[in-house]
Amino acid sequence: MKKILMVLLSLMLVCSISLAEDAVSSATLKIEKLPAVETKDNGILVVYFSPDDTVRAAAYTIASALSAELFEIEPAEPYTEDDLNYRNRQSRSMIEMGNNQARPEIAQLPEDLSGINTVILCYPIWGGQAPKIILTFLEGVDLTGKTVIPFATSNSSGIGSSDKALQSLTGDWQAGTGIKKGTSEEDIRLWAEGLNLGK
Ligand SMILES: Cc1cc2nc3c(=O)[nH]c(=O)nc-3n(C[C@H](O)[C@H](O)[C@H](O)COP(=O)(O)O)c2cc1C
């Protein structure tokens, strides 16, 4: 009887481990599954910063709708869940947002923007503003003569004054938009198509 119990327990253990592995791989697949965007060399670049995937998914939808290139702003030091805790005033993100001099390092800036005419700049709203790493980006690249269109995601704030706060830093700005949690992929696509870029 003891032996049967041991066998049953071992079987249950093996099953639970493989279920856990499935959960991990499907969570990772969420983003890896995104197929490559078919680009059209049309001078449109969708730049995004997305520590927690919401902006990434929206940026992908925009790039697909416009057949545009994608560039991810990757922090040299990735943000952990604790870093993103906005309820803790001492978390990394909150300390950065409280410091006007903060310029979190970017792992790699885009090498060549010479063929780009329009940049759609996608970022999450942090404390009503764009994360400081967006300032690192804008100060690190030359967008002279290029049109910059901001696109922000937030829980509820909307784009607010975040775009105006960035305008003085670079390029020619065109009014953008802010979407809130729950906005459909279709609405994002319609917004992107409504920009009438390259037509
Ligand atoms: C540090 C921090 C501050 C935030 N501040 C705001 C805010 O002021 N207003 C708001 O509506 N959402 C706020 N949020 C929520 C994010 O804007 C929202 O979840 C966004 O879609 C996250 O994008 P991501 O998943 O690509 O990181 C904040 C999130 C973080 C991490």
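Structure: above.
Residues numbered from 1 in each chain as written. Predicted model: local features only at pLDDT ≥ 70, side-chain atom pairs only at ≥ 80, totals over all residues.

A. Broad picture of the site of the ligand. What surrounds the ligand is a group of 20 residues, the closest being Asp-52, Thr-54, Val-55, Pro-124 and Ser-154. Among the elements of the structure, α2 (54-66) and β4 (147-154) are those that each provide at least two residues to the shell around the ligand. The element that contributes the greatest number of residues to the shell around the ligand is α2, accounting for three residues. Taken together, the residues of the shell around the ligand break down into seven nonpolar, 10 polar and three charged. (Near = placed C-beta within 6 Å. Helix = DSSP H or I, 4+ residues; strand = E, 2+ residues; numbered from the N terminus. Nonpolar A, V, L, I, M, F, W, Y, C, P; charged D, E, K, R; others polar.)

B. The arrangement of the pairing of strand β3 (residues 118-124) in detail. For β3, the buried fraction is high: seven of the seven residues fall into the buried class. As defined by bridge partners, β3 adjoins β4 across seven bridges and the pair is classed as parallel. Note on β4: the bridge partner recorded for Leu-121 is Pro-150. For the handedness criterion, the β-α-β arrangement of β3, helix α4 (residues 132-140) and β4 is classed as right-handed. (Buried ≥ 20, exposed ≤ 12 C-beta atoms within 10 Å, placed from the backbone. Pairing = 2+ DSSP bridges. Right-handed = clockwise from strand over helix to strand, strands pointing away.)

C. Molecular detail of the nonpolar core. Judged by nonpolar contacts, the single largest core of 43 residues is most densely connected at Val-46, Val-47, Ala-59, Ile-62, Leu-121, Cys-122 and Ile-134. Sorting the residues of this core by element identifies β1 (44-48), α2, β2 (69-72), β3, α4, β4 and α6 (185-194) as the ones contributing at least two each. Looking at this core element by element, the count peaks at eight residues for α2. For Leu-121, the residues in contact, after removing those within four places along its chain, are Val-47, Val-148, Ile-149, Pro-150 and Phe-151. (Core = buried A, V, L, I, M, F, W, Y, C linked by C-beta atoms within 7 Å. Contact = placed C-beta atoms within 7 Å.)

D. Examining the pairing of β4 more closely. Within β4, six of the eight residues are buried, leaving the element largely enclosed by the surrounding structure. Pairing of β4 with strand β5 (residues 172-173) involves two bridges; the strand directions are parallel. Residue pairing for β5: Val-148 is matched across the bridge by Trp-173. As paired strands, β4 and strand β6 (residues 177-180) are joined by four bridges and run parallel to one another. Within β6, the position partnered with Ala-152 by the bridge is Gly-178.

Taken by themselves, the reported measurements are silent on function.
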